[in-house]
Amino acid sequence: MTLEPYSPEKLDQFALNLLDLAAILRIMANESREHGITDLSLHDKKAQEWLSKLDHWAHKVQGEVQMQIVQARASRRARAVDRRE
């Protein structure tokens, strides 16, 4: 795997893509409901597996972001202390 740099804008775009997919699924659910389709057979094993991996990845990355935030705050505080001296 290759590490890719992600700006806040790129993270937003990723999130918006996920929201677009969620919206498609919601539309399908609502239309199915409206038209009385009660059972829709889908091959979902891979999608569920990808979703699980994406969920795990997102939580891991969230932890990494929080660690970078803590490090950035500590650096700013250290610089502020140095300026006072």
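Keep in mind it's a predicted model, so treat the numbers as computed, not measured. (Residues numbered from 1 in each chain as written. Predicted model: local features only at pLDDT ≥ 70, side-chain atom pairs only at ≥ 80, totals over all residues. Heavy atoms only, no water.)

## Some remarks on helix α1 (residues 8–34)
Part 1 of the argument: Between its first and last C-alpha, α1 extends 38 Å over 27 residues, near the 39 Å set by a 1.5 Å rise per residue.
Part 2 of the argument: Positive phi shows up at Gly 36, right after α1, with a value of about 70 degrees. (Helix = DSSP H or I, 4+ residues; strand = E, 2+ residues; numbered from the N terminus. Expected span 1.5 Å × (residues − 1).)

## Examining the pattern of salt bridges
Part 1 of the argument: In total, this model carries two salt bridges according to the counting rule given.
Part 2 of the argument: The closest approach of N and O atoms between Lys 60 and Glu 64, which form a salt bridge, is 3.9 Å. Here Lys 60 and its partner Glu 64 are both found in helix α2 (residues 45–84), four residues apart, which amounts to about one turn of the helix.
Part 3 of the argument: Owing to a relative accessible area of 40%, Glu 64 belongs among the partly exposed residues under this scheme. (Salt bridge = Lys/Arg side-chain N within 4 Å of Asp/Glu carboxyl O. Buried < 20%, exposed > 50% of the residue type's maximum accessible area, 1.4 Å probe, protein only.)

## With respect to the packing of aromatic side chains
Part 1 of the argument: Within this structure, the stated rule accounts for two aromatic pairs.
Part 2 of the argument: Judged by centre distance (6.4 Å) and plane angle (80 degrees), the rings of Tyr 6 and Phe 14 are edge-to-face.
Part 3 of the argument: A relative accessible area of 36% places Tyr 6 in the partly exposed class.
Part 4 of the argument: Residue classification places Phe 14 among the partly exposed positions, given a relative accessible area of 29%.
Part 5 of the argument: When the ring of Phe 14 is compared with that of Trp 57, the centres are 5.5 Å apart and the planes differ by 50 degrees; the resulting orientation is tilted. Of this pair, Phe 14 sits in helix α1 while Trp 57 is found in helix α2, placing the two residues 43 residues apart along the sequence.
Part 6 of the argument: Here Trp 57 falls in the partly exposed class, since its relative accessible area comes to 36%. (Phe/Tyr/Trp six-rings, centres within 6.5 Å; stacked < 30°, edge-to-face > 60°.)

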